[in-house]
Amino acid sequence: MTVNATPTPGAVPLATEGYKPPKATHKARVLPGFGLSLGITLTYLSLIVVLPLAALLARPWEHGLDGVWQTISDPRVLASLRLTFTTSLLAALVNLFAGLIVAWVLTRYEFPGKGLVDALVDLPFALPTAVAGVSLCSMYAANGWVGSLFAPLGIKIAYTPLGIFVALVFVGLPFIVRSVQPVLAEFDAEVEEAAATLGATPLQTTLRVIVPSLAPALLTGFSLAFARAVGEYGSVIFIAGNMPFVSEITPLLIVIKLEEFDYAGAAAIAVAMLSLAFLSLLLVNALQLLLSRRGRA
């Protein structure tokens, strides 16, 4: 008995010895090839990021190493750096928890006015920083709507470091919400139900199931909120009071140096601020890498 080896029309040929699949005649690409794409990427990053930073790093050395050290070690500069980074860190930590709750409500619940609340989250993105600063100042001043409630208790918000903290919380909240919200929307609620059927309490479900899954997104939002807070200027100067050693932020001190035509001093403070911000973000990225490796494991 012989086997008919003639393939049936429309049938896929079997993988037999000597058979070679047909080669694709071309490779369809939506974007240009690797060489052109890499060239565009490096050129863009060089013009937008590398060259400005290189110019900044070269400017402080006009007065030599002693001049740079004298500028950075000034007690007024150190006080402003301490205030800027400490307040930014606290504001980002507060937004980390508040943003998670806001994202949870917007993702898991349906209620009247949900679209309006969702749009209000993006308001700090669209609102000019100067307008935000004036609004916060008028609201949290001693005669404002909110400030008048705390004034009888001896709590002053505007023109203090507390006012800076409020402004930084305001501008940083959307970064946490928008980083967590898409991940939370894809998170299957059945996982929580499965944890509950296995005897997990709501706290255990939150700490062992939900938070580990959202940790990379939370860290991304935290780093974005922290970076925005460190460099924030417009919404802070109106409510800070701008008193040296008390409520003076580093970006304002840089502007003061520029107004005094001390460009080398302004660049030296900017380099110090850039170095601290880079180290902070490096720690956050290292933590993100550690979490991703543990997740793959």
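Residues numbered from 1 in each chain as written. Predicted model: local features only at pLDDT ≥ 70, side-chain atom pairs only at ≥ 80, totals over all residues. Heavy atoms only, no water.

Right, let's talk about the overall build of the protein chain for a bit. Helices and strands together make up the secondary structure of the protein chain, namely 13 helices and zero strands. Starting at the N terminus and walking to the C terminus, you meet the elements of the protein chain as α-α-α-α-α-α-α-α-α-α-α-α-α. Looking at the protein chain as a whole, 32% of its 297 residues qualify as buried. Carbon and sulfur atoms provide 70% of the accessible area of the protein chain, an area that totals close to 18900 Å². (Helix = DSSP H or I, 4+ residues; strand = E, 2+ residues; numbered from the N terminus. Buried < 20%, exposed > 50% of the residue type's maximum accessible area, 1.4 Å probe, protein only. Areas by Shrake-Rupley, 256 points an atom, 1.4 Å probe, with all protein chains shown as cover.)

Time to look at the confidence of the model for the protein chain. On average, the protein chain scores 85 in pLDDT, and the residues at 70 or more come to 88%. By mean pLDDT, helix H9 (residues 189-197) is the weakest element of the protein chain at 79, and helix H3 (residues 75-108) is the strongest at 94. (pLDDT = per-residue confidence, 0-100.)

We note that Tyr-159 has phi near 65°; this positive angle belongs to a residue other than glycine. Looking at where Tyr-159 falls in the secondary structure, it is placed in the loop between helix H7 (147-150) and helix H8 (161-186). Taking relative accessible area as the criterion, Tyr-159 reaches 35% and is therefore assigned partly exposed. Phi is positive for Asn-242, close to 55°, though the residue is something other than glycine.

Now for H8. Between its first and last C-alpha atoms H8 spans 39 Å; for 26 residues at 1.5 Å apiece the expected length is 38 Å, and the two agree. Taken as a whole, H8 carries its principal kink of about 35° at Gly-172; the proline Pro-174 stands between one and four residues after it. (Expected span 1.5 Å × (residues − 1). Bend = angle between axes of the 7 residues up to and from the residue.)

Within this structure, the stated rule accounts for seven salt bridges. The shortest N-O distance in the salt bridge between Lys-114 and Glu-110 comes to 3.1 Å. With relative accessibility at 69%, the residue Glu-110 sits in the exposed group. Measuring nitrogen to oxygen at the nearest pair gives 2.9 Å for the salt bridge that ties Asp-118 to Arg-178. Residue Asp-118 is located in helix H4 (residues 114-121), and its partner Arg-178 is located in helix H8; the two are separated by 60 residues in the primary sequence. Taken together, the shared-partner salt bridges connect Asp-118, Asp-122 and Arg-178 into one network. (Salt bridge = Lys/Arg side-chain N within 4 Å of Asp/Glu carboxyl O.)

What follows deals with the packing of aromatic side chains. Pairs of aromatic rings are described using the distance from one ring centre to the other and the angle between the two planes. Counted according to the given criterion, the structure contains four aromatic pairs. Arranged with centres 6.3 Å apart and planes meeting at 50°, the rings of Phe-85 and Phe-226 form a pair that is tilted. Here Phe-85 is found in helix H3, whereas its partner Phe-226 is found in helix H10 (residues 202-231), with 141 residues between them in sequence. What makes Phe-85 buried here is its relative accessible area of 13%. Ring geometry for Phe-261 versus Tyr-263: centroids 6.3 Å apart, planes at 80°, classification edge-to-face. Residue classification places Phe-261 among the exposed residues on the basis of a relative accessible area of 63%. According to the relative accessible area criterion, Tyr-263 is partly exposed, its value standing at 38%. Among the aromatic side chains, those forming a connected cluster through ring pairs are Phe-85, Phe-222 and Phe-226. Across the ring face of Trp-104, the terminal group of Arg-108 is positioned such that the distance to the ring centre comes to 4.6 Å. (Phe/Tyr/Trp six-rings, centres within 6.5 Å; stacked < 30°, edge-to-face > 60°. Lys NZ or Arg CZ within 6 Å of the ring centre and 35° of its normal.)

All right, on to the nonpolar core then. With 33 residues, the main nonpolar core has Phe-85 and Val-180 as its most contacted residues. Elements with a minimum of two residues in this core: H3, H8, H10, helix H12 (250-259) and helix H13 (263-296). Excluding residues that lie within four positions of it along the chain, Phe-85 makes contacts with Phe-226, Val-230, Met-273, Leu-276 and Ala-277. Ile-164, Val-166, Val-236 and Ala-240 belong to the second-largest nonpolar core, a separate cluster that totals 19 residues. (Core = buried A, V, L, I, M, F, W, Y, C linked by side-chain atoms within 4.5 Å. Contact = heavy atoms within 4.5 Å.)

Turning our eyes to something else, we now look at a nonpolar patch on the surface. Together, Tyr-44, Leu-45, Leu-47, Ile-48, Val-49, Val-50, Leu-51, Leu-53, Leu-57 and Leu-274 make up an exposed nonpolar region whose accessible area comes to about 890 Å². The element best represented in the nonpolar patch is helix H1 (residues 34-58), accounting for nine residues. On the secondary structure map, Leu-45 appears in helix H1. A relative accessible area of 40% means that Leu-45 is categorised as partly exposed. (Patch = residues over 30% accessible without salt bridge, like charges linked within 9 Å, V, L, I, M, F, W, Y side chains within 5 Å.)

With respect to the helices, strands and loops of the structure, Lys-257 is situated in helix H12. A relative accessible area of 17% places Lys-257 in the buried class. Setting aside residues no more than four positions away along its own chain, Lys-257 makes contact with Asp-262, Gly-265, Ala-266 and Ile-269.

As for its position among the elements, Leu-106 is in helix H3. Residues Leu-106 and Val-177 lie 71 residues apart in sequence; the distance between their C-alpha atoms is 9.3 Å. Dropping the residues within four chain positions of it, Leu-106 is found in contact with Phe-111, Lys-114, Val-117, Asp-118, Val-121, Val-177 and Gln-181.

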